Amino acid sequence: MTTPTHPMTARRRLTWLAVPMLALAGCASAPLAPGPVLSVETPTAWTALDGAAPAPPDGPSAWDVARWWEGLGDAALTAWVQAALQANTDLRAAQAALAQARAVREAAQAATWPSVDARLGARQARTEAGGAHAVSAGLDAQWELDLWGRRNAAVQASEADERATAASLAWTRVSLAAEVAAAYWDLWSAQQRLQTAQQSLAAQTDSVQLTQWRVQAGLSAQQDLDSARANLEQTRASVAALQASARQALHALNLLAGRPAGAAPLAQPAERAPEPPPAWTLPVPADTLRQRPDVAAAWARWQAAAARVAQADAARLPTLTLTGSLSWQAPRVSELLDPAALTRALVASVAAPLFDAGQRQAQVRQQQAALEQARAALEGALLAALRDVENALVAIASDRARVRHLQAAEEAAAAALQQATLRHRAGLADLRTLLDAQRTWLAVRSERIAAQAQWATDHARLFKALGGGWQPADTDPVPERSR
């Protein structure tokens, strides 16, 4: 015959079982290991500055690079960027993703606390001998002790995911500002080239009219009139194409600003050509990597992956769950407060995996592989950031030289066109010379306008590559090895 266990004896056994496990729990919640060992070595300076492009002057920044578009002095560009930062659909989706990540983190934190449920019920049973009634109420509590840090690792993973999502939102803002600037200067370029083509069209129309009079007077051949008309029709075709380009550029801007494609322009680009930004201090590579949101996002994703490795590893160990309940049961509601109706229970249960055919071990290897992927992605983000800055610096140096040469070429082409026009009207030059001068001036001026717009666009890409448009706050630094 089994001897019943005294309640106090059972409580002592539970205490002796729980105390060492609780002591282990304090050791299991230690912080995760520091950042990964990376094979990427950050250079101390930008190689593109060695002869390819002059370094900006040292000293304090002349303006706020974080809001670089405002420092360009173009009110229309600032209006477009501000509109996009408020209404862009991709940006709103990134904001919603951040809200979702915060909710996931809050749920993971809440899972570390005990859960308490309330219940209320009524039962009625009838037999041939009569009926029976009963009402019941109760509270049930359950708490899984985080002995090995599994739940703590889940919280750390969710917190890192939230940081990665916040950094992704910041990177969306950075990219959006650069995209708006590029689309804005595409619109400016199309409009300026359209105006140039229309000016040339007016001059060519006069040339056709003059040639027609000369043919009627017997001073020119019909072939000259046909050539003038062919040149005129080619310019008209260019005008039609440029009109389409300008409308499409406006559609792109409206899309970025969260507006219908056919909406009226929020602001028209200024007539003047975009100018290079004022001088600022170019950050060193290590500072650039620290302030790039995409690098911060990759770093946070590595932290999340490391936490999930710890979480999967802890899932292979035993779990201790405490369950308690308070129950009241009586024939009538008025009798529920009777002390005799109260039943109390406290249960401690330990569960340990015995055989799962290697499932948990495979999950650990899966998370370890994901951690290695995150490390490779972090190194890739570092390398891409360095490449973006170097490419932008090389492009800006090339754009600067190209614009300077094209400006000189445009001045020469304009002078040649003026002389050819005067000589043709005086009968000292044939029509072919005039047509060649008109085509050359139109081509050179259009190329100079496109180069000017590309120069401004490459500056926007440089600010994006440097992480401009975003103020880093409360972010984890880049691992020491990569600096």
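This is a predicted model, so every value here is computed, not measured.

Quick word on unusual backbone geometry
In this structure, alanine 357 takes a positive phi of about 60° despite not being glycine. Topologically, alanine 357 is positioned in the loop between strand S4 (342–351) and helix H8 (359–425). Using a relative accessible area of 64% as the deciding quantity, one classes alanine 357 as exposed.

Examining the packing of aromatic side chains
A complete count under the given rule lists 4 aromatic pairs for this structure. Ring centres 5.6 Å apart and planes at 80° place the aromatic pair tryptophan 68 and tryptophan 69 in the edge-to-face group. Its relative accessible area of 2% is what places tryptophan 68 among the buried residues. The interplanar angle of 70° and the centroid separation of 6.3 Å between the aromatic rings of tyrosine 184 and tryptophan 185 together place this pair among those described as edge-to-face. The exposure class of tryptophan 185 is buried, given its relative accessible area of 5%. An aromatic cluster of at least three residues, connected via ring pairs, comprises Trp68, Trp69 and Phe463.

As for the confidence of the model for the protein
Scored by pLDDT, the protein has a mean of 83; 85% of the residues are at 70 or more. Looking over the protein, one finds the lowest element-wise mean pLDDT in helix H1 (residues 7–28), namely 34, and the highest in helix H2 (residues 75–87), namely 95. Segment residues 472–483 is flagged for pLDDT under 50; beyond a separation of four residues in sequence, or across chains, it makes 27 contacts in the model.

Description of the pattern of salt bridges
Within this structure, the stated rule accounts for 21 salt bridges. As a salt-bridge pair, arginine 67 and glutamate 70 come within 2.9 Å of each other at their nearest N and O atoms. A salt bridge links arginine 290 to aspartate 287, with the shortest nitrogen-to-oxygen separation between them at 2.2 Å. With arginine 290 and aspartate 287 both in helix H6 (residues 285–291) and 3 residues apart, this pair spans about one turn of that helix.

Digging into H2
Under the 1.5 Å per step criterion, the end-to-end length of H2 is 18 Å for 13 residues, consistent within 8% with the ideal 18 Å. Considered for burial, the residues of H2 that qualify are Ala76, Leu77, Thr78, Trp80, Val81, Ala83 and Ala84. In this fold, the buried residues of H2 make contact with helix H3 (89–110), helix H4 (150–216) and helix H5 (222–256). With a side-chain oxygen positioned 3.2 Å from the backbone nitrogen of alanine 76, the residue opening H2 is aspartate 74.

What counts, and where the lines are drawn
- Residues numbered from 1 in each chain as written.
- Predicted model: local features only at pLDDT ≥ 70, side-chain atom pairs only at ≥ 80, totals over all residues.
- Heavy atoms only, no water.
- Helix = DSSP H or I, 4+ residues; strand = E, 2+ residues; numbered from the N terminus.
- Buried < 20%, exposed > 50% of the residue type's maximum accessible area, 1.4 Å probe, protein only.
- Phe/Tyr/Trp six-rings, centres within 6.5 Å; stacked < 30°, edge-to-face > 60°.
- pLDDT = per-residue confidence, 0-100.
- Contact = heavy atoms within 4.5 Å.
- Salt bridge = Lys/Arg side-chain N within 4 Å of Asp/Glu carboxyl O.
- Expected span 1.5 Å × (residues − 1).
- Polar contact = N/O pair within 3.5 Å; in protein donor to acceptor, adjacent residues only side chain to side chain.

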